[in-house]
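The chain contents come next:
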Amino acid sequence: MSTSPEPIGVIGTGYVGLVTAAGFAALGSDVWCVDIDAAKVQRLRRGEVPIYEPGLEEMLRDNAQRLHFSTEIGDALEHARLLFVAVGTPPTYSGDADLSAVHAVVDAIPAAHDRALVMKSTVPCGTGSSLQRVFGENGKQGLGYVSCPEFLKEGSAVHDFMHPDRVVVGDDGGWAGDAVVELYGPLGAPLVRTDVASAEMVKLASNAFLATKISFINEIANVCEETGADVVEVARGMGLDDRIGAKFLQAGIGFGGSCFPKDVDALKQLAGNSGYHFQLLTAVIEVNDLQKRRVIGKLQRHLGGLAGRRVALLGLAFKPNTDDMREASSLVLSARLQADGARVAVYDPVAEEQARALVSGVAFAASPLEALDGADAAVLVTEWQELVELDWNAVAAAMSGNLVVDGRNALDPEAVRAAGLIYEGIGRR
Ligand SMILES: NC(=O)c1ccc[n+]([C@@H]2O[C@H](COP(=O)([O-])OP(=O)(O)OC[C@H]3O[C@@H](n4cnc5c(N)ncnc54)[C@H](O)[C@@H]3O)[C@@H](O)[C@H]2O)c1
């Protein structure tokens, strides 16, 4: 007879915490979730899902009897010895990670020999060892510590939890690391069991590498524009080399989101604080900042100035299939366009509520065609399927101008041109 996997606590029920909780509940654990956001906890208790993440609602519903939500950490402490920490680690003004939420969790956990923190939040390399020192200074040396960085992608987070490319467990070889490995066992993913510092660095280095790949292909796109090559063809030719791989070679208006910008910056600062100047990452960040603004240059070139022009931004979320607006390219674009005097209409299938808190001065439209009504130019900002598959004849009829800037190289240029529109991609002929 097989026994159920052990119960766990999950502290922080955002994109990572909620998916982790639902995933382990689906694997059979009782999961005790804790969040300081009382309104969020109330919603979760009512069966509402506070974020948009495909498949998450069903997963939470199917495993509701094993999921418990509270604002009190005591409930998790009572039932679980492994406490997965998934609180936010946003950037500070200095670019370092803000670990105040992590410290608040550490402070709330009493001394115990049979409990451990499992760090899912992305933290700078060295955090585990400094937290263990804090445990020691506060008489909590018996607490275990495991670094178990998270690699899920918003938009496919449920799938990514169930089918991880790898599971990384960094610890000192004690019971807690073994228990975490056992919990992930049913997923059958390759395991990297290592020390805490190396596990922390795997996460930061992975995000920095992916961001580098994006900035690299964006620079290639910019050179393509000068030389007559087409970056889509170039990326296809490069990506078939399995040393390179096809993923993250799509040129566009740069990366955003809650992870890449802050994690790349945090690694750069971490290196700097340790006495090393990480030159490459400095360039990756700068290329990304400039890439968002290149769209403005394209619009100016075609429209001959932006004052009084009407521009429709199609998509607001930092990528499709999420409502996450953190560091979205649309934030820079809408502000920059308005600064140059343009009138901006925007549409996003799910991120409008989040965007309203961050974007001012724009007209929110209920449909793509409403945003495009009377527009001089359209910019595809987020490649939602609904936007990629727009009826371009209807678009052309709605617009007063004829310029379509494909900020994600996701549209079919021929289909756009066939409707009598001008197609302008990123690095495309
Ligand atoms: N979002 C992603 O795609 C992703 C992927 C991998 C790793 N990460 C990392 O995971 C961590 C969490 O990211 P997220 O996107 O889920 O963040 P989030 O902002 O969506 O969620 C964080 C949650 O923690 C709660 N919280 C804050 N302080 C708390 C405390 N003291 N006690 C209990 N709850 C508290 C907040 O109320 C919020 O609900 C970050 O370190 C992030 O870098 C995120």
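Residues numbered from 1 in each chain as written. Predicted model: local features only at pLDDT ≥ 70, side-chain atom pairs only at ≥ 80, totals over all residues. Heavy atoms only, no water.

Quick look at the packing of helix H11 (residues 260-273) against helix H12 (residues 279-303) now. For the pair H11 and H12, interaxial distance at closest approach is 9 Å and the crossing angle is 150°. What the angle tells us is that H11 and H12 run roughly antiparallel. Considering only the axes of H11 and H12, their crossing is left-handed. Note on element contacts: H12 touches H11 through Leu281, Thr282 and Ile285, opposite Val264, Asp265, Leu267 and Lys268. (Axes fitted to C-alpha atoms, helices over the stretch in contact; angles between N-to-C directions. Helix = DSSP H or I, 4+ residues; strand = E, 2+ residues; numbered from the N terminus. Parallel < 35°, antiparallel > 145°, perpendicular 65-115°, else oblique. Left-handed = near helix turned anticlockwise from the far one by under 90°. Contact = heavy atoms within 4.5 Å.)

Across four bridges, the pairing between strand E7 (residues 167-170) and strand E8 (residues 191-194) is parallel. Looking at the pairing, Val168 lines up with Val192 of E8. (Pairing = 2+ DSSP bridges.)

Spatially, six strands are ordered E11-E10-E9-E12-E13-E14 in an open sheet, and the strand pairing comes out parallel. In this open sheet, the two strands that pair with only one neighbour each are strand E11 (363-364) and strand E14 (422-424). As defined by bridge partners, strand E10 (residues 343-347) adjoins E11 across two bridges and the pair is classed as parallel. Note that in E11 the partner of Ala345 across the bridge is Ala363. On the sheet, H12 packs against strand E9 (310-314), strand E12 (377-380), strand E13 (403-406) and E14 and is oriented at approximately 165° with respect to E13. Together, E9, E10 and E12 form the strand contacts of helix H13 (residues 329-339), whose direction differs from that of E9 by roughly 175°.

Turning our attention to the pairing of E10. Among the five residues that make up E10, four are buried, leaving the element largely enclosed by the rest of the structure. Across five bridges, the pairing between E9 and E10 is parallel. Residue pairing in the sheet places Ala312 in a bridge with Ala345 of E10. Taking the sense of rotation as the criterion, the β-α-β connection linking E9, H13 and E10 turns out right-handed. (Buried < 20%, exposed > 50% of the residue type's maximum accessible area, 1.4 Å probe, protein only. Right-handed = clockwise from strand over helix to strand, strands pointing away.)

Bear in mind that shape data such as this cannot, by itself, settle questions of function.
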